[in-house]
Amino acid sequence: MTAVVTNAPAPPVARRRTYLSYVGSKVLGAFGSLCFVLVLNFFLFRVLPGDPARTLGRGRFRTEAQLEAFRHTYGLDQSLPHQFVTYVGNTLTGHLGVSLRYRVPVSELISERLGTTLLLVGSSTILAMVIGVYIGMIGAWNRGGPFDRFSTGSTLTLYSMPEWWLGLILIAVFAVGIGPFPGLFPTGGLHSLDVDPNSLQGWIDTAWHLTLPVLTLTLAFLAEYSLVMRSSLLDELGEDYLTTARAKGLRDVDVRRRHAARNALLPTTTLSAISLGYVVSGAITIETVFSIPGLGLLAQEALSIPDYWVLQGTFLVAAAGVILANLIANLLYGVLDPRVRS
Amino acid sequence: MTELLALRDVSVSYGTLDGPLPAVRGVDVVVHAGEVVGVAGESGCGKSTLASTVLRLQPKSATVSGTVEVLGADVLTMGWGDLRALRWAGASIVFQGALHSLNPVHRVERQIDEAIRVHESGVSDDAIEERVGALLEQVGLPPARMRAYPHQLSGGQRQRVMIAMALACRPSLIIADEPTTALDVMVQAQILDLLSGLVKDLGVGMMIISHDLSVLADVCDRVLVMYAGRIVESGSAQQVFSDPQHPYTRALSGAFPRIGDPAARYAPTGLAGDPPDPRELPTGCSFAPRCPRVVDRCREAEPPLLQLEGERAAACIRVGEP
């Protein structure tokens, strides 16, 4: 027998510190990105061509005095560094400016509508993730079979459709109704006018209103998850450690579940956390098509005015969402895959 | 002596888009308890395919003929339940390249105890943990290393983990498929010591597969040399290594210069060319296109494995000719 290899095992404390320093570096990185977005958000709207006062005023101001008054109200007559300091200070204290259209603080508008968008995009993402991963898994296990060919073809078709177009088709079929079939769902909005949104009936009513938009987004997101899961599982299925697991006498079901599917879920985790970050962008078209009062519709309306501070606010929230989701993805990945920690 | 493994006239062919690919053609191997049998040959000669057929691990596209008996049971015809019970508990495999053969996201402990839990029910968690620790100690690793992930171990340590895993269910037969290929020479020697020590201590039978004839000569009792899916020479390890009869074995042993033999050291003899495509084997002896001793007769018919004195055999019609 050979001598015992003297290789001191890493003490658990050191290993915990490895994960903590991993978390620390990721949090620091996310904080850095957030600061960058904060700065970018300020200058992005300042480098736009034209005079903000004239653009915003759109001919409403007849005299120089009116323009000056407008500039003074919004602090545009101050120097750029001064404006920047004010902007950073206000943003950090939660003041995002006042909407030109609604005449209420932007932060109030956003917090009012964020929940709706999170409900819409969040539930579609979760549905798409669960169904997509499942489809991808079954497809990979029966690669080239009828299910695999059908699912790959149909998810790709759905993926290539513009989501607003898919939404319109669904409205035409299920909300308006075709021929003898009556419409089953409302064509838009979030609540019926005669129902109290804070009652049980109101909840059911909201769910009924959200069915079609959630269905549309789920179908649109589905392909990404199923294709990523399918290809990463196919990669895993060729790995040697699955042969080891089979040689150990595990049932095929256990080999797939404990070893292959578990490891194939890693890329899918990243994807889902990142797409959760695209809450606003994903919602713009769908909220417009279904007239759902969420962040997307808010941004779309703000663009057409243009409601300068609302745009700046939604941009900031959208960017913060992406950064936060990335951070969550990184931390989750660190838990799931021991290799990235070291 | 009991026959732990008996392969008789085993042929394996893979179904490919270009038609069947015969990887193994009519091979006989017998391994007894307490015996180490080596299988040598170049990449693609069918030796790893042979290893996978022992536990019926070959891919679905492969068709196997002949009989494969492990501990007296016919592996090719048994039901899935019996096969799963035989895997690892009856015979286990030390796979090559332990980095890929271990699951990267599970701790070593979990990968070893998984095998124990599959085959033995009613063992308490504490008892299993103790056993995993003892197994690691047996292969020369500190038991605390069970908490490590594969990427935190060196190549030699991973191979030790793989061996500990192979011993987990106390099998009677161990197949070692290129157990030292990815390791440096010092670690290679340690692993080989470990393997041959285990055979002595535990009385198990072992089949070691390697492309390195010198590795096999050190640890094996008997050695089989494969070329293009067939056995071309067999005999005791020392005889095959020091007095090869088949020209292919001669080339294989000449490829590794021996210590203390300056002539071999300055001019290691290699072998030109590649093994033939199994789909387009030449008529006659499949080694003929690369053989330095080839004559016209060689291309007429595939030479049978001729019995020589003792347990030696060689598949060459020119054996004994000057």
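Keep in mind it's a predicted model, so treat the numbers as computed, not measured.

Student: Is there a simple way to explain the overall build of chain B in this structure?
Tutor: Assigned secondary structure in chain B consists of eleven helices and twelve strands. For 322 residues, the compact-globule formula gives about 20 Å, and the C-alpha radius of gyration of chain B, at 20 Å, lands near that figure. Principal axes of the C-alpha set define a box for chain B whose edges measure 70 × 50 × 40 Å. Across chain B, contacts joining residues at least 24 apart in sequence account for 64% of those joining residues at least 6 apart. Of the charged side chains in chain B, 29 are positive and 38 negative, and the gap between their average positions amounts to 3 Å.

Student: Any chance you could explain the layout of surface pockets here in plain terms?
Tutor: One way to see where empty space is left: roll a probe the size of a water molecule over the atoms. Taken as a whole, the largest pocket spans an internal volume of roughly 1200 Å³. Looking at the largest pocket, it is lined by 33 residues, and the ones nearest its centre are Thr243 and Arg246 of chain A together with Leu57, Gln58 and Pro59 of chain B. Looking at the lining of the largest pocket, the elements that each hand over two or more residues are helix 5 (106–141), helix 8 (200–237), helix 9 (240–247) and helix 10 (252–277) of chain A together with helix 1 (47–54) of chain B. Among the residues making up the lining of the largest pocket, the classes are represented as 14 nonpolar, nine polar and ten charged.

Student: What's the story with the interface of chain B and chain A in this structure? I'm lost.
Tutor: Quite often, the size of an interface is put as the accessible area lost when its parts meet. At the junction of the two partners, chain B supplies 38 residues and chain A supplies 31 residues. Regarding the contact of chain B and chain A, the summed buried area is about 3100 Å², with carbon and sulfur atoms giving 57% of it. Here chain B and chain A share two salt bridges between them. Glu114 of chain B serves as the salt-bridge partner of Arg258 of chain A, at 3.0 Å between the closest nitrogen and oxygen. Across the chain B-chain A interface, the total number found is eleven residue pairs in polar contact (both at pLDDT 80 or more). Listed by contribution, the elements that provide at least two residues to the side of chain B that touches chain A are helix 3 (98–101), helix 4 (108–119), helix 6 (155–167) and helix 7 (185–202) of chain B. If one sorts the elements of the side of chain B that touches chain A by residue count, helix 4 of chain B sits on top with six residues.

Student: I keep staring at the confidence of the model for chain B and nothing clicks. Help me out?
Tutor: Interpretation of the predicted coordinates at a detailed level should be avoided for regions scoring low in pLDDT. Counting all residues, the mean pLDDT for chain B is 88, and 94% of those residues have values of 70 or more. The element-level mean pLDDT for chain B is lowest in helix 11 (residues 262–266) of chain B, coming to 60, with strand 3 (residues 36–40) of chain B highest at 94.

Student: Whenever I open this one, the packing of helix 5 of chain A against helix 13 (residues 308–336) of chain A confuses me. Can you help?
Tutor: Between two packed helices, both the angle of their axes relative to each other and the distance between the axes serve to describe the pair. All names here are of chain A. One way to put it is that helix 5 packs onto helix 13 with a least axis distance of 10 Å and a crossing angle of 50°. Classed by the angle they form, the pair helix 5 and helix 13 counts as oblique. With respect to the hand of their crossing, helix 5 and helix 13 are arranged in right-handed fashion. Between helix 5 and helix 13, the contacting residues are Val106, Leu109, Ile110 and Leu114 on the first element and Trp309, Val310, Gly313, Thr314 and Val317 on the second. Its residues assigned to classes, the contact of helix 5 with helix 13 shows seven nonpolar, two polar and no charged.

Student: For this particular structure, what's the right way to read the sheet that holds strand 10 (residues 230–236) of chain B?
Tutor: Think of a sheet as strands paired side by side through backbone hydrogen bonds, with each pair either parallel or antiparallel. Residues and elements named next belong to chain B. If you trace the eight strands from one edge of the open sheet to the other, you get 6-7-8-3-9-10-12-11, paired in mixed fashion. Two strands close off the open sheet at either side, each with one partner strand: strand 6 (91–94) and strand 11 (306–307). In this structure, strand 3 lies alongside strand 8 (residues 205–210), joined through five bridges in parallel fashion. Directly across from Val39, in strand 8, lies its bridge partner Ile209. Along the sheet, helix 10 (residues 247–254) contacts strand 3, strand 9 (222–227) and strand 10; its crossing angle with strand 9, the most-contacted strand, is approximately 105°.

Student: For this particular structure, what's the right way to read the pattern of salt bridges?
Tutor: Pairs can form between side chains of opposite charge whenever their charged atoms are close. Residues and elements named next belong to chain B. Applying the stated criterion across every chain yields a total of 21 salt bridges over all chains. In this structure, Glu120 engages Arg131 in a salt bridge whose closest nitrogen and oxygen atoms are separated by 2.6 Å. Of this pair, Glu120 sits in the loop between helix 4 and helix 5 (125–138) while Arg131 sits in helix 5; the two residues are eleven residues apart in sequence, bridging distant segments of the chain. On the basis of relative accessible area, Glu120 is assigned to the partly exposed category, the value being 24%. Under the relative-accessibility criterion, Arg131 is labelled buried at 15%. Close ionic contact of Arg279 with Asp277 constitutes a salt bridge, the shortest N to O distance being 3.8 Å.

Student: Please explain the packing of aromatic side chains as it appears in this structure.
Tutor: Between two aromatic rings, the relevant description is the distance of the centres plus the angle of the planes. Per the counting criterion, the structure on display carries eight aromatic pairs over all chains. Relative to Phe84 of chain A, the ring of Phe43 of chain A has its centre 5.7 Å away and its plane inclined at 25°; by these criteria the two rings are stacked. Here Phe84 of chain A lies in helix 4 (residues 80–92) and Phe43 of chain A lies in helix 1 (residues 12–46), a separation of 41 residues in the sequence. Considering the side-chain rings of Tyr248 of chain B and Phe287 of chain B, the 5.3 Å spacing of their centres and the 70° angle between planes classify their relative orientation as edge-to-face.

Student: Can you walk me through empty space enclosed by the protein in this structure?
Tutor: Residues and elements named next belong to chain B. Going through the model one piece at a time under the given rule, you end up with three cavities of 30 Å³ or more. As a volume, the largest cavity reaches approximately 90 Å³. Along the wall of the largest cavity there are 14 residues; nearest its centre are Pro247, Cys285, Cys291, Cys298 and Cys316. For the lining of the largest cavity, the residue count by class is eleven nonpolar, one polar and two charged.

Student: Mind showing me how you'd approach the sheet that holds strand 4 (residues 62–70) of chain B here?
Tutor: All names here are of chain B. Spatially, 2-1-4-5 is the arrangement adopted by the four strands of the open sheet, whose pairing is antiparallel. Every interior strand has two partners, whereas the edge strands, strand 2 (19–32) and strand 5 (73–74), have only one. Alignment of strand 4 against strand 5, held across two bridges, turns out to be antiparallel. Note on strand 5: the bridge partner recorded for Val70 is Ala73.

Student: Explain unusual backbone geometry here, please?
Tutor: For residues besides glycine, phi is generally negative; the peptide bonds are generally trans as well. Residue and element names in this part refer to chain B. The phi torsion at Arg56 lies on the positive side, around 55°, for a residue other than glycine. The residue Arg56 is located in the loop between helix 1 and strand 4 in this model. When its relative accessible area of 14% is taken as the criterion, Arg56 is described as buried. In this structure, Arg170 takes a positive phi of about 50° despite not being glycine. Locating Arg170 in the fold gives a position in the loop between helix 6 and strand 7 (173–177).

Student: What am I meant to see in the environment of Ile163 of chain B here?
Tutor: All names here are of chain B. By secondary structure assignment, the location of Ile163 is in helix 6. With 31 residues separating them in the primary sequence, Ile163 and Leu194 have C-alpha atoms 9.1 Å apart. Not counting residues up to four positions away in its chain, the partners in contact with Ile163 are Val94, Val139, Ile191, Leu194, Leu195 and Leu198.

Reading the values: the criteria
- Every chain is numbered on its own, with residues counted from 1 as its sequence reads.
- To label them, take the chains in the order written and letter them from A, then take the ligands in the order written and number them from 1.
- Two thresholds apply to this predicted model, a pLDDT of at least 70 for residue-level local features and 80 or more for giving and counting side-chain atom pairs, whereas whole-chain, interface and lining totals are computed over all residues.
- Processing note: side-chain calculations cover all non-hydrogen atoms of the structure and skip hydrogens and water entirely.
- For helices the rule is a DSSP run of H or I covering at least 4 residues; for strands it is a run of E covering at least 2, with both sets numbered from the N terminus onward.
- What the globule rule says is 2.2 Å times the number of residues to the power 0.38, and the radius of gyration is computed from C-alpha atoms.
- Contacts are assigned to residue pairs that have any heavy atoms within 4.5 Å of one another.
- Under the counting rule used here, the positive set is Lys and Arg, the negative set is Asp and Glu, and His together with the chain ends is not counted.
- We put the charge of a Lys on NZ, of an Arg on CZ, of an Asp on CG and of a Glu on CD.
- Here a cavity denotes a set of grid points, spaced 1 Å apart and computed over the protein atoms alone, in which a 1.4 Å probe fits but from which it cannot get out, and a pocket denotes an open set meeting protein on both sides within 12 Å along at least five of seven lines; residues with an atom within 4 Å of a point are reported as lining.
- Grid points are joined across faces, edges and corners, and a volume is the space filled by probe spheres set on the points.
- In this classification, the charged set is Asp, Glu, Lys and Arg, the nonpolar set is Ala, Val, Leu, Ile, Met, Phe, Trp, Tyr, Cys and Pro, and all remaining amino acids, among them Gly, are polar.
- Simply put, the buried area is the total loss of 1.4 Å probe accessible area from both parts when two parts are fitted together.
- What counts as a salt bridge is simple: a side-chain nitrogen of Lys or Arg found within 4 Å of a carboxyl oxygen of Asp or Glu.
- The term polar contact refers here to a pair of N or O atoms within 3.5 Å; inside protein, the definition further demands a hydrogen-donor-capable atom paired with an acceptor-capable atom, and it admits residues adjacent in sequence only when both atoms are side-chain atoms.
- Think of pLDDT as the predictor's per-residue confidence, scored from 0 to 100.
- In this description, a line fitted to the C-alpha atoms serves as the axis of each element, helices being fitted only across the stretch in contact, and the angle between N-to-C directions of two axes falls anywhere from 0 to 180 degrees.
- Working rule for angles: under 35 degrees goes down as roughly parallel, over 145 as roughly antiparallel, 65 to 115 as roughly perpendicular, anything else as oblique.
- Note: crossing handedness is left-handed where the near helix turns anticlockwise from the far helix by less than a right angle, and right-handed where it turns clockwise.
- In this analysis, strands are considered paired if DSSP registers two or more bridges between them.
- Accessible area is worked out with a 1.4 Å probe on protein chains only. A residue is then buried under 20% of its type maximum, exposed over 50%, and partly exposed in between.
- Aromatic pairs are defined between Phe, Tyr and Trp rings, using the six-membered ring for Trp, whenever the two ring centres lie within 6.5 Å; interplanar angles under 30 degrees are classed as stacked, those over 60 as edge-to-face, and all others as tilted.

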